[in-house]
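So the chains spell out like this:
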Amino acid sequence: MTERLYYHDSFLGEFPATVLEVVPGTRPGIVLDRTAFYPTSGGQLFDTGSLQSEKGSLRVAEVAEDDRGRILHLVEGDGLPPGTQIRGEIDGARRRDHMQQHSGQHLLSAAFIRIFGWETISFHMGDECCSIDLSTSNLNPQQIEEAETLANDIVLEDRPVDIRFVSREEAQRLGLRKIPPAEREQLRLIDIRDFDLTACGGTHVTRTGQIGAILLRKTEKVKQGGRVEFVCGTRAVRTAGRDFRTLTEAAGLVSGHIWELPEQIRKLQANAKTLHKSHKDLLEEVASFHANQLLDQTPEHNRPKVLVEVFANRDLEYVKLLAQRAVRQGTAICLFASTSATPAVVFAQSAGQPHHMGALMKEALAALGGRGGGSQDLAQGGPERIDSLDRVLEALAARVRE
Ligand SMILES: [Zn+2]
């Protein structure tokens, strides 16, 4: 079994060790007699770093524990023969980040328990963000702020964080909330002085001040309760910096201060709504005039007028509107098409006419490709080809004129 050096010292960044065995794979898994590398477990991510030997340096890309309890240092390149003396070196910035996130999580979970009695059901540490799932589905912003404030108060008090090894009986006597299933006789406890006592195998800070800051972010309802996203320490600073740059860019677009953004966006939305409405009104008015003009230009007074038009610069919305106006403002059959960015065909007839626009559309699309259909009086489609559009429309027009 590998001696887990990180159990006793989270700040140990370098250590000598001996290779015990190599588990073959796409990335060989090196097993050492002792290691400071943390394997993914308990919600915390693995460490990365390198193993140095006389043969050079091997990059440790991932560290995992297999079902036999072996800690596998998955390296890029070939493994090392058993017996090789190595010097392990951990990526310090990554480890510190994980210590800050994980220790922050202990404080936050304890704060939610102390104030509201909500247990933490699970903890997830991602590359960007961390989250805990709480045993409640009712989280409001005030509660979030309360827990955040308490957790940060404990950070500011710079309380000692001790590692203790106790028997299961002693853990019970100490009033540990959650005693993990019986795997080992000795339990490893993380003791945040007079605030929290939790059984955990992860890497933590030695004083709460090293967490830096705890920043709560999104909350959402999940199946098992309420999820709270948070970031701690350097990650909190980085995240706040990125938020600020994003907000500053957005504020620049509306020439305002970042704090005025919601108000400015609401104004823009209201403005857009008004413009949209007035645009729609104008379009309808234009379509009405346009329809009359087309009807006037088309002879044949005793029979329905057959209007055939291909518009290069009008979209489906307008062409459809125009057709609907024309068949209402006169007795007509419209065979319209748009050859704009998204080509479209619209057929419409005045109520009471004997043709079937949906059937005509199927015929047109059989020649032009594409999809579409409709009812007796109105149909639309999106043709695949528009080169023979005029010819197809004229052929259909000749039929309905008969
Ligand atoms: Zn922990």
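For the structure, check the block above.
Everything quoted here is computed from the prediction, not taken from an experiment.

## Observations regarding the sheet that holds strand β12 (residues 186-192)
The 3 strands lie next to each other as β11-β12-β13, forming an open sheet whose pairing is antiparallel. A strand with exactly one partner marks an edge of an open sheet, and here the two such strands are β11 (161-167) and β13 (196-199). Along the sheet, successive strands turn relative to each other by an average axial angle of 30 degrees, direction set aside. In this sheet, β12 lies alongside β11 in antiparallel orientation, the contact comprising 7 bridges.

## A word on the coordination of the zinc ion
Ideal values for angles at a metal depend on the geometry: 109.5 degrees with four tetrahedral donors, 90 or 180 degrees with six octahedral donors. Coordination sphere of the zinc ion, protein contribution only: His102 (NE2), His106 (NE2), Cys200 (SG) and His204 (NE2), at 2.0 to 2.1 Å. Geometry at the zinc ion is tetrahedral, judged from its 4 donor atoms and the angles of 94 to 126 degrees they form at the metal. Mapped onto the sequence, the residues coordinating the zinc ion show the spacing H-x3-H-x93-C-x3-H. Note that His106 is positioned in helix α1 (residues 92-116) and His204 in the loop between β13 and β14 (214-222), a separation of 98 residues in sequence. Overall, His204 belongs to the buried group, its relative accessible area being 4%.

## Quick look at the side chain of Thr120
By the secondary structure assignment, Thr120 is in strand β9 (residues 120-125). Residue Thr120 is classed as buried on the basis of its relative accessible area of 10%. A distance of 2.7 Å separates the side chain of Thr120 from the side chain of Ser109, its partner in a polar contact.

## Notes on the pattern of salt bridges
On inspection of all chains with the given rule, the structure shows 21 salt bridges. A salt bridge links Glu3 to Arg34; the nearest nitrogen and oxygen atoms lie 3.9 Å apart. Here Arg34 lies in strand β4 (residues 34-35) and Glu3 lies in strand β1 (residues 3-4), a separation of 31 residues in the sequence. Glu229 is the partner of Lys218 in a salt bridge, and the nearest nitrogen-oxygen pair spans 4.0 Å. One end of the pair, Lys218, is in strand β14; the other, Glu229, is in strand β15 (residues 225-232), with 11 residues separating them in the sequence. Each of Glu21, Asp66 and Arg70 takes part in salt bridges that share partners, so that together they form one network.

## Points about the environment of Glu285
With respect to the element layout, Glu285 can be found in helix α5 (residues 261-297). The partly exposed category is assigned to Glu285, whose relative accessible area is 48%. Distance from Glu285 to Leu322, taken between C-alpha atoms, is 10.0 Å for residues 37 residues apart in sequence.

## Digging into helix α7 (residues 357-368)
Here α7 spans 16 Å end to end across 12 residues, near enough to the 16 Å set by a 1.5 Å rise per residue. Listed as buried for α7 are Met357, Gly358, Leu360, Met361, Ala364, Leu365 and Leu368. What you see down the axis of α7 is that its buried residues fit within an arc of 155 degrees, all on one side. Along α7, the residues that are exposed and aim more than 90 degrees away from the buried face are Lys362 and Ala366. The inward-facing, buried residues of α7 abut β17 (332-338), β18 (344-349), β19 (370-374), β20 (378-383) and α8 (389-401). With its phi angle positive at about 80 degrees, Gly369 sits one or two positions after the end of α7.

## Quick look at the pairing of strand β16 (residues 305-311)
Buried residues dominate β16, accounting for 5 of its 7 residues. As for the winding sense of the linkage, the β-α-β connection from β16 through helix α6 (residues 316-329) to β17 is right-handed.

## Some remarks on the sheet that holds strand β8 (residues 85-90)
Pairing in this closed barrel of 6 strands is antiparallel, and the strands run β2-β3-β7-β6-β5-β8 around the ring. Recorded for the sheet is a direction-independent mean angle of 45 degrees between the axes of neighbouring strands. When strand β6 (residues 56-65) meets strand β7 (residues 71-76), the two strands line up antiparallel, connected through 6 bridges. What sits directly across from Val60, in β7, is Val75.

## A closer look at unusual backbone geometry
Phi at Asp158 takes a positive value of approximately 50 degrees, unusual for a residue other than glycine. Position of Asp158 among the secondary structure elements: in the loop between α2 (141-156) and β11. One non-glycine residue, Asp194, adopts positive backbone phi at about 55 degrees. On the secondary structure map, Asp194 appears in the loop between β12 and β13. On the accessibility criterion, Asp194 (63% relative accessible area) is exposed.

Rules and cut-offs
- Residues numbered from 1 in each chain as written.
- Predicted model: local features only at pLDDT ≥ 70, side-chain atom pairs only at ≥ 80, totals over all residues.
- Heavy atoms only, no water.
- Pairing = 2+ DSSP bridges.
- Helix = DSSP H or I, 4+ residues; strand = E, 2+ residues; numbered from the N terminus.
- Axes fitted to C-alpha atoms, helices over the stretch in contact; angles between N-to-C directions.
- Donors = N, O, S within 2.8 Å, 3.2 Å for Na, K, Ca; no water.
- Tetrahedral: all angles 85-135°; square planar, octahedral: opposite > 155°, others 65-115°.
- Buried < 20%, exposed > 50% of the residue type's maximum accessible area, 1.4 Å probe, protein only.
- Polar contact = N/O pair within 3.5 Å; in protein donor to acceptor, adjacent residues only side chain to side chain.
- Salt bridge = Lys/Arg side-chain N within 4 Å of Asp/Glu carboxyl O.
- Expected span 1.5 Å × (residues − 1).
- Arc of directions from axis to C-beta.
- Contact = heavy atoms within 4.5 Å.
- Right-handed = clockwise from strand over helix to strand, strands pointing away.

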